[in-house]
Amino acid sequence: MTRFTRFTRTTAFKLSLLYIAVFTVMSGFLLVYVSENTDHLMSEQVVQSVDSELKGLADVYVRGGVRDLVETIDSRSRHPDASLYLLTDFAGNALVGNIARLPTTVLEEADGGLRRVRYTRLGQNSEDVERQAMVRTFELRGGFRLLVGRDLGDQLRFSNLLGNALRLWLIVVVVMAAITWFFVSRRVMKRIDDMSATSRTIMQGDLSGRLSIAGTNDEFDRLAVNLNTMLDRIELLMQSMKDVTDNIAHDLKTPLTRLQTRIETALREAKGEEGYRTALEAALDESDQLLRVFNALLRIARIESMAPGTVMEPTDLNRLVAEISELYEPLVEDEGGRLETDVPAGLMAECNRDLISQVLVNLIENALKYGRPEEGGLVIRLTGLTENGRVCLAVTDNGPGIPEKDQDRVKERFVRLEESRSEPGTGLGLSLVKAVARLHGGDLRFKNEAPGLSARIDLEPVEPDSSRSGHEQGGTSGEQERS
Amino acid sequence: MLKILVIEDDPEAAGYLVKGLSELGHTADKAGDGQTGLQMALDSSYDILIVDRMLPKLDGLAVIQELRRQGNHTPVLILSALGQVDDRVKGLKAGGDDYLPKPYAFTELQARVEALARRPKSAGQVETTYKVGDLTLDRMAHSCRRGETDIPLQPREFRLLEYLMQHAGQVVTRTMLLENVWEYHFDPQTNVIDVHISRLRGKIDKGFDTPLLHTIRGAGYTIRDAVH
């Protein structure tokens with residue numbers, strides 16, 4: 001397909017063609033209308049002036065007879081204007097006037113009617129030039145015939161001029177329209193071509209490509225912005241998929257290898273039934289651990305891809321926290337710690353109960369593992385408050401905290417600050433918390449409370465909540481007292 | 001002894017299940033696809049059906065729905081690789097009685113099968129008092145006695161003991177407790193259930209000659225009389 005045929009198939013081209021066609025028809029209509037009207041107007045004027053001329057001559061004739069009429073016509077004929085006169089005798093010989101030649105029928109049918117004739121004017125070196133005129137012819141007593149008329153040269157020149165001007169204007173309009181549309185359509189086509197080119201590179205696998213934005217905020221810009229946002233989202237999802245795959249490759253290989261070694265060792269060093277049993281039990285533990293990691297990874301990936309069907313409903317956080325605290329209080333106590341809750345009654349948030357419960361469980365278990373202070377008992381606090389229009393849930397311990405530089409890193413999959421990895425765990429707990437927080441439109445944030453660490457996620461509040469600002473203050477000050 | 005039908009298309013998984021169940025003293029049949037499974041379930045009277053969700057010919061959930069439509073109320077345990085909360089909800093809404101995500105531990109399956117078999121056949125038969133040895137739990141009076149001693153229980157401890165006694169003599173796993181007593185559907189990494197059990201044990205067994213609450217290694221817990 002050549003460049004031109006491609007061009008002619010564009011919507012822009014078809015539209016401009018239509019536009020030009022419509023404009024031409026409109027201009028043609030205007031041209032005809034204006035020229036018809038001016039023609040009519042000028043003819044009226046000609047008729048009027050002929051009639052008033054006639055009236056004057058009629059007066060002269062009535063008062064002074066043919067003699068006076070001849071004199072008057074003779075003197076008027078000498079004026080070089082558009083008026084035409086001719087007086088003939090009964091035989092048709094011209095007595096006086098400024099017309100050299102005209103069709104004989106005009107004088108024969110002297111009924112006073114108005115007609116348009118071709119004639120040649122007398123004198124002025126223009127005998128041979130045929131001109132047009134409007135005339136009236138009358139028969140006077142004694143066979144005299146009088147012709148009075150007006151030359152149409154001015155009128156014809158004027159309508160010629162008007163026609164030419166309109167035609168020229170039409171041509172200019174069409175050319176200008178064509179030029180404008182050519183540029184507009186080229187610009188539009190260029191942007192569409194840019195978009196297709198970018199989308200082609202993206203389809204070929206380069207997800208980092210983005211549509212250019214001209215900054216004019218026109219419909220193309222808005223489309224580009226929306227498509228770019230969509231691409232960002234897709235890239236994020238792809239990235240998280242890739243991360244999962246990478247992490248599985250890295251971190252699941254180790255326990256799988258360990259499992260394999262154990263089984264091989266058991267097979268090589270057969271120690272009777274008891275030995276096999278022990279080895280199998282160890283292998284089972286290992287595979288249980290693997291399954292747990294795998295499940296956690298899948299769960300995170302699912303949450304991160306904003307699993308459709310996640311039920312978000314207004315949830316009473318006070319109750320939710322109370323239930324979790326009821327489940328965990330004995331465990332924390334057994335570990336020699338204390339679990340406190342501070343959530344204002346009736347604090348509601350739009351969230352998924354199961355996921356938020358799991359978030360709290362993960363944070364409490366983290367606090368149990370890593371939040372123990374050097375001396376004194378462990379205190380874990382579950383706090384709920386409203387802040388900047390969002391509902392926050394915080395789990396705070398009084399342990400050593402996390403160094404600022406590591407606070408972002410711990411949210412990543414499999415990252416465990418404790419290098420030895422001797423503590424049980426998958427390194428996925430906080431990744432899950434982060435994913436759930438994101439699903440709820442918030443984020444997981446850490447703050448060192450000196451001593452202690454507060455981990456906080458924010459949730460969408462449920463509407464009739466504005467009246468609770470008093471509680472919110474209480475929650476905040478409660479936290480400050482502690483630090 | 002229970003008569004169990006396993007509807008599972010993977011021969012190895014089905015064989016493993018049937019063998020395991022037979023070893024426990026149950027009679028187990030297997031069906032390799034949904035249609036055969038539905039026929040067998042309708043023809044003979046089974047105590048329990050174990051149904052895989054993804055089956056050839058007729059989907060597992062469709063099998064259950066058809067069974068229920070025909071007025072068959074045999075307890076169904078759904079076994080599936082789809083283990084998310086919404087998948088489970090879908091399975092239970094289709095007429096399943098319990099849901100076990102794959103991969104599963106056989107002990108967990110055993111515990112759940114036995115729990116299903118023990119389930120009262122209709123609401124009218126719900127017991128108001130549970131008794132194991134000299135331990136009595138009165139659901140109406142919300143009271144618990146062992147021998148001559150009144151044992152005060154917290155509401156959640158009451159529910160925990162109630163669930164255990166409902167399934168007296170059977171193994172109850174930690175996951176079953178978390179799902180049924182606390183209604184959570186996730187895996188805590190710590191032994192949080194063990195702590196609650198040990199507190200309960202402190203209340204009902206401490207100071208008495210025979211322990212009733214037993215830990216089954218690698219599986220869970222069971223409450224039973226020593227004579228059992």
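All chains use their own residue numbering, which begins from 1 and follows the written sequence. Both sets of labels track the order of writing: A upward for chains, 1 upward for ligands. Reporting in this predicted model follows two pLDDT cut-offs: at least 70 for local features of residues, and 80 or more for side-chain atom pairs to be given and counted; totals over whole chains, interfaces and linings ignore these cut-offs and use all residues. Excluded from the side-chain calculations are hydrogens and water; all other atoms, namely the structure's heavy atoms, are used.

Regarding the overall build of chain B
Note the following rule: In this description a helix means any DSSP run of H or I spanning at least four residues, a strand means any run of E spanning at least two, and both kinds are numbered starting from the N terminus. In this scheme, a residue with accessible area under 20% of its type's maximum is buried, one over 50% is exposed, and one in between is partly exposed, where area comes from a 1.4 Å probe on protein chains only. When checking whether two residues touch, look at their non-hydrogen atoms; a contact exists if any pair is within 4.5 Å. In this description, accessible areas are obtained by the Shrake-Rupley approach with a 1.4 Å probe, and a residue is regarded as covered only by the protein chains that are shown.
Along the backbone of chain B there are 8 helices and 12 strands. Buried residues in chain B amount to 47% of all 228 residues. Look at the contacts in chain B between residues 6 or more apart in sequence, and 58% of them connect residues 24 or more apart. Total accessible area computed for chain B in this model is approximately 10,900 Å², and 51% of it derives from carbon and sulfur atoms.

Looking at the sheet that holds strand β11 (residues 213–216) of chain B
All names here are of chain B. Condition: Whether two strands pair depends on DSSP finding at least two bridges between them. For helices, the axis comes from a line fit to the C-alpha atoms of the stretch in contact; other axes are also lines fit to C-alpha atoms, and the angle between any two N-to-C directions lies between 0 and 180 degrees.
Taken in spatial order, the 3 strands line up as β10-β12-β11 in an open sheet, and their pairing is antiparallel. What marks the edges here is a single partner per strand, and that holds for β10 (172–173) and β11. Against the sheet, helix α6 (residues 155–166) engages β10, β11 and β12 (220–223), with an angle of about 75° to β12.

Things to note about helix α1 (residues 11–23) of chain B
All names here are of chain B. Here is the rule: The span expected for a helix works out to 1.5 Å for each residue beyond the first.
Taking 1.5 Å per residue as the helical rise, α1 with its 13 residues ought to reach 18 Å, and the 18 Å between its terminal C-alpha atoms agrees with that figure. Against β1 (3–7), β2 (27–31), β3 (48–52), β4 (76–80) and α5 (106–118) lie the buried residues of α1. G25, located one to two residues past α1, shows a positive phi value of around 95°.

Examining the packing of α6(B) against helix α8 (residues 192–204) of chain B
All names here are of chain B. Counted only if it meets this: What sets the label is the angle itself: under 35 degrees gives roughly parallel, over 145 gives roughly antiparallel, 65 to 115 gives roughly perpendicular, and the rest give oblique. Only Asp, Glu, Lys and Arg are considered charged in this grouping, and only Ala, Val, Leu, Ile, Met, Phe, Trp, Tyr, Cys and Pro are considered nonpolar; every other residue, Gly among them, is considered polar.
Packing of α6 against α8 leaves a shortest axis separation of 11 Å and a crossing angle of 85°. Considered as vectors, α6 and α8 are oriented roughly perpendicular to each other. Counted together, E157, L160, L161 and L164 of α6 and H196, I197, R199, L200, K203 and I204 of α8 form the full contact between these two elements. Tallied by class, the residues present in the contact of α6 with α8 amount to 6 nonpolar, 1 polar and 3 charged.

Let's talk about the environment of G96(B)
Residues and elements named next belong to chain B. Within the secondary structure, G96 is located in the loop between α4 (85–93) and β5 (98–101). Among the residues examined, G96 registers a relative accessible area of 11% and is labelled buried. Distance from G96 to I78, taken between C-alpha atoms, is 6.3 Å for residues 18 residues apart in sequence. Here G96 is in contact with I64, V76, I78 and G91, once residues within four sequence places are set aside.

Digging into the interface of chain B and chain A
Operational definition: Values labelled buried area give the accessible surface lost by two parts on being combined, using a 1.4 Å probe and summing over both. In the sections that follow, a salt bridge refers to a side-chain nitrogen of Lys or Arg positioned within 4 Å of a carboxyl oxygen of Asp or Glu. Polar contacts here mean pairs of N or O atoms no more than 3.5 Å apart (in protein, one a potential hydrogen donor and the other a potential acceptor; neighbouring residues in sequence count only if both atoms are side-chain atoms).
Taken residue by residue, the interface counts 21 residues in chain B and 25 residues in chain A. Between chain B and chain A, roughly 2,200 Å² of surface is buried when both sides are summed, and carbon and sulfur atoms account for 49% of that area. Per-residue buried area on chain B facing chain A is highest for Y184(B), F186(B) and Q189(B); these three make up 30% of the total on that side. At the boundary of chain B and chain A, one finds 4 salt bridges. The closest approach of N and O atoms between E326(A) and R156(B), which form a salt bridge, is 3.1 Å. In this assembly, chain B and chain A are joined by 7 residue pairs in polar contact (both at pLDDT 80 or more). Those elements giving two or more residues to the side of chain B that touches chain A turn out to be α4 and α8 of chain B. For the side of chain B that touches chain A, the element with the most residues is α8(B), which contributes 4 residues.

Concerning empty space enclosed by the protein
Residues and elements named next belong to chain A. What counts is decided by this rule: A 1.4 Å probe that fits but cannot get out identifies a cavity on a 1 Å grid over protein atoms alone, an open set with protein on both sides within 12 Å along at least five of seven lines counts as a pocket, and a residue lines either if it has an atom within 4 Å of a point. Grid points are joined across faces, edges and corners, and a volume is the space filled by probe spheres set on the points.
Applying the stated criterion across every chain yields a total of 1 cavity of 30 Å³ or more. For the largest cavity, the calculated volume is near 50 Å³. What lines the largest cavity is R191, D194, M195, L211 and S212.

Some remarks on the confidence of the model for chain A
Our working definition: The score called pLDDT rates the predictor's confidence residue by residue, from a low of 0 to a high of 100.
Averaged over all residues, the pLDDT of chain A is 80; the fraction at 70 or higher stands at 88%. Of the regions scoring below 50 in pLDDT, residues 465–483 of chain A engages in 29 contacts with residues more than four places distant in sequence or in other chains.

Digging into the pairing of β2(B)
All names here are of chain B. Applicable threshold: A right-handed crossover is one whose linking path, passing over the helix from the first strand to the second, runs clockwise when the strands point away from the viewer.
Inspection of the sheet shows β1 paired to β2 by 5 bridges, in the parallel sense. Within the sheet, the bridge partner assigned to I7 lies in β2 and is A31. Between the parallel pair β1 and β2, the chain is carried across by α1, and the sense of this crossover is right-handed.

A few points about the environment of D151(A)
All names here are of chain A. Secondary-structure assignment places D151 in strand β6 (residues 145–151). Sequence separation between D151 and R116 is 35 residues, and the spatial gap between their C-alpha atoms is 9.8 Å. What D151 contacts, discounting residues up to four positions off in sequence, is A82, L84, Y119, R131, Q132 and A133. Here the side chain of D151 touches R131 through a polar contact of 3.1 Å, side chain to side chain. A distance of 2.7 Å separates a polar side-chain atom of D151 from the backbone nitrogen of G153.

Regarding the nonpolar core
Our working rule: Nine residue types can take part in a nonpolar core, namely buried Ala, Val, Leu, Ile, Met, Phe, Trp, Tyr and Cys, and a core is a set of them joined through side-chain atoms within 4.5 Å.
Residues L161(B), L164(B), L177(B) and I223(B) are the most contacted members of the largest nonpolar core, which totals 88 residues. Counting residues per element, this core draws most heavily on helix α8 (residues 353–370) of chain A, at 9 residues. Those residues within four positions of L161(B) in sequence are excluded, and the remaining contacts are L135(B), L137(B), C144(B), L153(B), L200(B), I204(B) and I223(B).

Re the packing of aromatic side chains
Here is the rule: A pair of Phe, Tyr and Trp rings is counted when the ring centres sit within 6.5 Å of each other, with Trp represented by its six-membered ring. The angle between the planes then sorts it: under 30 degrees is stacked, over 60 is edge-to-face, the rest tilted.
Across all of its chains, the model carries 2 aromatic pairs over all chains by this definition. Ring geometry for F29(A) versus Y33(A): centroids 6.4 Å apart, planes at 20°, classification stacked. Residue F29(A) and its partner Y33(A) are both found in helix α2 (residues 11–77); the two are separated by 4 residues, about one turn of the helix. Of the two residues, F29(A) and Y33(A), neither departs from the other in class, the shared state being exposed. When the ring of Y16(B) is compared with that of F106(B), the centres are 5.9 Å apart and the planes differ by 70°; the resulting orientation is edge-to-face. Of this pair, Y16(B) sits in helix α1 while F106(B) sits in helix α5, and the two are 90 residues apart along the sequence. For F106(B), a relative accessible area of 17% corresponds to the buried category.

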